[in-house]
Amino acid sequence: MASDLAAKAKEAFIDDHFELAVDLYSKAIIINPNNSELFSDRSQANIKLKNFTEAVADANKAIELDSSNPKAYLRKGMACFNLEEYQTAKTAFQLGSRLAPEDTRFTDWIKECDKCIAEEIGELPMKSSDVTPTNVVAPSSLGKTDATAKNAEQVKNISSEVITTTPAKPKYRHEFYQKPEEVVVTIFAKRIPAESVFVNFGEQILSVTIDLPGEDSYIFQPRLFAKIIPAKCRYSVLTTKIEIRLAKAEPVHWTSLEFGKNSLVARRINESTGNQRPVYPSSKATKDWDKIEAQVKREEKDEKLDGDAALNKFFRDIYKDADEDTRRAMRKSFVESNGTVLSTNWKEVGSKQVEGTPPDGMEMKKWEY
């Protein structure tokens, strides 16, 4: 069953029906939740829908189930790249390239990541260097050589200030993904003793401190995109990372981990319960399914049928409106007579075997199996 749904999902993906593909992959995952390929393929469909956060979550799950799946690293890298998490994307592409060195897509993506990382690193100094010493004018009492030397010294001082104000690279890398009810923050810190990790939750503040003997303390304290419920938040220290689960106060979509004045307006996510599938954004107009169902029923009622179709509809209408004894009579007589008798009288057929009655010109024949 799961393989059939996966095959249909691939057909939908090829036909550019990405929402249908996600839906079919989700149903297949319910049947086979330990299949890495299903999560990897659903990640690809989510990328096409620009659901990059969901795509990262699917790719991470695929890697968790099968760390030798190169497609999962490719999907994760592409989704992270679109989320402008270039370093995380590059790491994913590098891991995938080791598994599939013949796949040139990994090397192409790594080059793109390097370009973006270089732009990010060089962005602040380039902007700061725009502050050139154009307003520095040598005093008239100085000679030309002295004025030039003084200007050069001032440029040197300004340049040194720019370098010192460049933010240092964080000691540990972090990333996040989300569900309707929570945000999961991962800090990639290997072999950190649990007693050296201190995590506190505020209404809209996360505070993480890693205090190792003989090293500078690592402090990560972002103001979060939206409010959380501190009492429901938790964290765990693993061998390769620190995983922090933030319980959302409201089921809104976080466009980033940290709060910003220019953040997009959060969109409401429908809370899912049980096996209800996730709701993904769509540019298509919303359909009124109740109205469509009523229209179909009205068309069925008004439909003009003839021949066997009319007879079948007649029997269906009888069965639908009949009481339980009538239904039992219809079922028993039809089965026992091999489809040649249909009785609605339970008192008549309930206590005896219903013999078949062939049409005129035909005879009943018993088949031997």
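Counting starts from 1 at the beginning of each chain's written sequence and moves along it residue by residue. Where local features are concerned, this predicted model is filtered to residues with pLDDT of at least 70; where side-chain atom pairs are given and counted, the filter is 80 or more; whole-chain, interface and lining totals use all residues. Only heavy atoms go into the side-chain values, all of them from the structure, while hydrogens and water stay out.

Participant: I'd love a proper account of the overall build of the protein chain, names of residues and values included.
Facilitator: Secondary structure is summarised from DSSP: a helix means a run of H or I of at least four residues, a strand means a run of E of at least two, and numbering begins at the N terminus for each. Of the regular secondary structure elements, the protein chain holds 12 helices and 7 strands. Taken over 369 residues, the protein chain has a buried fraction of 32%. Note on definitions: a residue-residue contact is assigned when non-hydrogen atoms from the two residues lie within 4.5 Å. The contacts of the protein chain with a sequence gap of at least 6 include a subset with a gap of at least 24, amounting to 49%. Each residue gets one of three labels from its accessible area relative to the maximum for its type: buried under 20%, exposed over 50%, partly exposed in between, using a 1.4 Å probe on protein chains only.

Participant: Help me get a handle on the sheet that holds strand E5 (residues 218-220), residues and values and all.
Facilitator: Two strands make a pair as long as DSSP finds a minimum of two bridges between them. Read from one edge of the open sheet, 3 strands run E3-E4-E5, paired in antiparallel fashion. Single-partner strands in this sheet number two, and they are strand E3 (197-201) and E5. Each adjacent strand pair in this sheet contributes to an overall mean axis angle of 10°, direction not counted. Sheet topology places E3 next to strand E4 (residues 206-210); 5 bridges connect them, and they run antiparallel. Residue pairing in the sheet places Asn-200 in a bridge with Ser-207 of E4. Orientation is described by axes fitted as lines to C-alpha atoms, over the contacting stretch for helices, and by angles from 0 to 180 degrees between their N-to-C directions.

Participant: Mind laying out the pattern of salt bridges, listing which residues take part and the relevant values?
Facilitator: Every case where a carboxyl oxygen of Asp or Glu lies within 4 Å of a side-chain nitrogen of Lys or Arg is listed as a salt bridge. By the definition in use, this model includes 18 salt bridges. Arg-173 is the salt-bridge partner of Glu-175, the closest N and O atoms lying 3.8 Å from each other. Glu-243 is paired through a salt bridge with Lys-241; the nearest N and O atoms lie 3.8 Å apart. Take Glu-243: its relative accessible area is 16%, and that puts it in the buried class. Residue classification places Lys-241 among the partly exposed positions, given a relative accessible area of 23%.

Participant: Could you give me a rundown of the nonpolar core, with the residues and numbers involved?
Facilitator: To form a nonpolar core, buried Ala, Val, Leu, Ile, Met, Phe, Trp, Tyr and Cys residues must be joined to one another through side-chain atoms within 4.5 Å. Counting 27 residues, the largest nonpolar core has Leu-246 and Trp-254 as the members making the most contacts within it. Contributing elements (two or more residues each) for this core: strand E2 (182-188), E3, E4, E5 and strand E7 (242-247). At 4 residues, E7 tops the list of elements feeding residues into this core. In contact with Trp-254, other than residues within four places in its own chain, are Phe-176, Gln-178, Val-183, Leu-224, Phe-225, Ala-226, Lys-227, Ile-228, Leu-246 and Lys-248. Ala-6, Phe-13, Tyr-25 and Ile-63 belong to the second-largest nonpolar core, a separate cluster that totals 21 residues.

Keep in mind these numbers describe shape, not what the thing actually does.
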